Amino acid sequence: VLVYPAKKSEVQQLQEDLERTIATLEQLASGVATRNESLHAEMTEIQSILNPKQVVDFMTWVNKNRACMALINDLWEKAYVEARPRRAASDDEDDEDDDDEDDED
């Protein structure tokens, strides 16, 4: 590709911008895939608990209450993210307690 010297820096800047944009799109695609997998797992669990009529009622409610679902999702995400480190810490404590019990035997 023939690039005039005066436009070289502009072309380089555009290439850098394009590379950053592509990286951002790849991150977004990965995030969407992860979220879809999580949603699929949650729906599978819900469907295993509910009877078919309840599943239909739930899906109908979700479709009619998208704004509410967005709010619930945000709250759930915050609670899950906040609870996750605490849960891991309490699991470690439980493991330590188990180790102490093993030492007593």
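Residues numbered from 1 in each chain as written. Predicted model: local features only at pLDDT ≥ 70, side-chain atom pairs only at ≥ 80, totals over all residues. Heavy atoms only, no water.

Caption draft 1: A look at the overall build of the chain. The helix and strand tally for the chain stands at 3 helices and 0 strands. In sequence order, the chain lays out its α and β elements as α-α-α. A burial count over the chain gives 3% of its 105 residues as buried. When the accessible surface of the chain is split by element, carbon and sulfur atoms take 56% of a total near 9,500 Å². (Helix = DSSP H or I, 4+ residues; strand = E, 2+ residues; numbered from the N terminus. Buried < 20%, exposed > 50% of the residue type's maximum accessible area, 1.4 Å probe, protein only. Areas by Shrake-Rupley, 256 points an atom, 1.4 Å probe, with all protein chains shown as cover.)

Caption draft 2: Broad picture of the pattern of salt bridges. Counted according to the given criterion, the structure contains 3 salt bridges. We note a salt bridge from E10 to K7, for which the minimum N-O separation is 3.8 Å. Judged by relative accessible area, K7 falls into the partly exposed class, the value being 44%. Between D57 and K53 there is a salt bridge, with its nearest N and O atoms 2.9 Å apart. Of this pair, D57 and K53 are both found in helix α2 (residues 52–64), 4 residues apart, which corresponds to roughly one turn of the helix. Judged by its relative accessible area of 40%, D57 falls in the partly exposed class. For K53, a relative accessible area of 56% puts it in the exposed group. (Salt bridge = Lys/Arg side-chain N within 4 Å of Asp/Glu carboxyl O.)

Caption draft 3: Seen up close, α2. Taking 1.5 Å per residue as the helical rise, α2 with its 13 residues ought to reach 18 Å, and the 18 Å between its terminal C-alpha atoms agrees with that figure. Capping the start of α2, N51 holds a side-chain oxygen 3.0 Å from the backbone nitrogen of K53, two or three residues further along. (Expected span 1.5 Å × (residues − 1). Polar contact = N/O pair within 3.5 Å; in protein donor to acceptor, adjacent residues only side chain to side chain.)

Caption draft 4: Up close: the layout of surface pockets. Approximately 800 Å³ is the volume found for the largest pocket. As for the largest pocket, its lining consists of 21 residues, of which R35, L39, E42, N73 and W76 are closest to the centre. Sorting the residues of the lining of the largest pocket by element identifies α1 (8–49), α2 and α3 (66–104) as the ones contributing at least two each. With 9 residues, the single largest contributor to the lining of the largest pocket is α3. (1 Å grid on protein atoms, 1.4 Å probe; cavity = no way out; pocket = protein on both sides within 12 Å on 5 of 7 lines; lining within 4 Å. Points joined across faces, edges and corners; volume = space filled by probe spheres on them.)

Caption draft 5: Looking closely at the packing of α1 against α2. Put simply, α1 and α2 touch, their axes get as near as 8 Å, and they point 140° apart. Taken together, α1 and α2 sit at an angle that is classed as oblique. Of the two elements, α1 crosses α2, and the hand of that crossing is right-handed. Note on element contacts: α2 touches α1 through V55, F58 and M59, opposite M43, I46 and Q47. Residues belonging to the contact of α1 with α2 are distributed by class as follows: 5 nonpolar, 1 polar and no charged. (Axes fitted to C-alpha atoms, helices over the stretch in contact; angles between N-to-C directions. Parallel < 35°, antiparallel > 145°, perpendicular 65-115°, else oblique. Left-handed = near helix turned anticlockwise from the far one by under 90°. Contact = heavy atoms within 4.5 Å. Nonpolar A, V, L, I, M, F, W, Y, C, P; charged D, E, K, R; others polar.)

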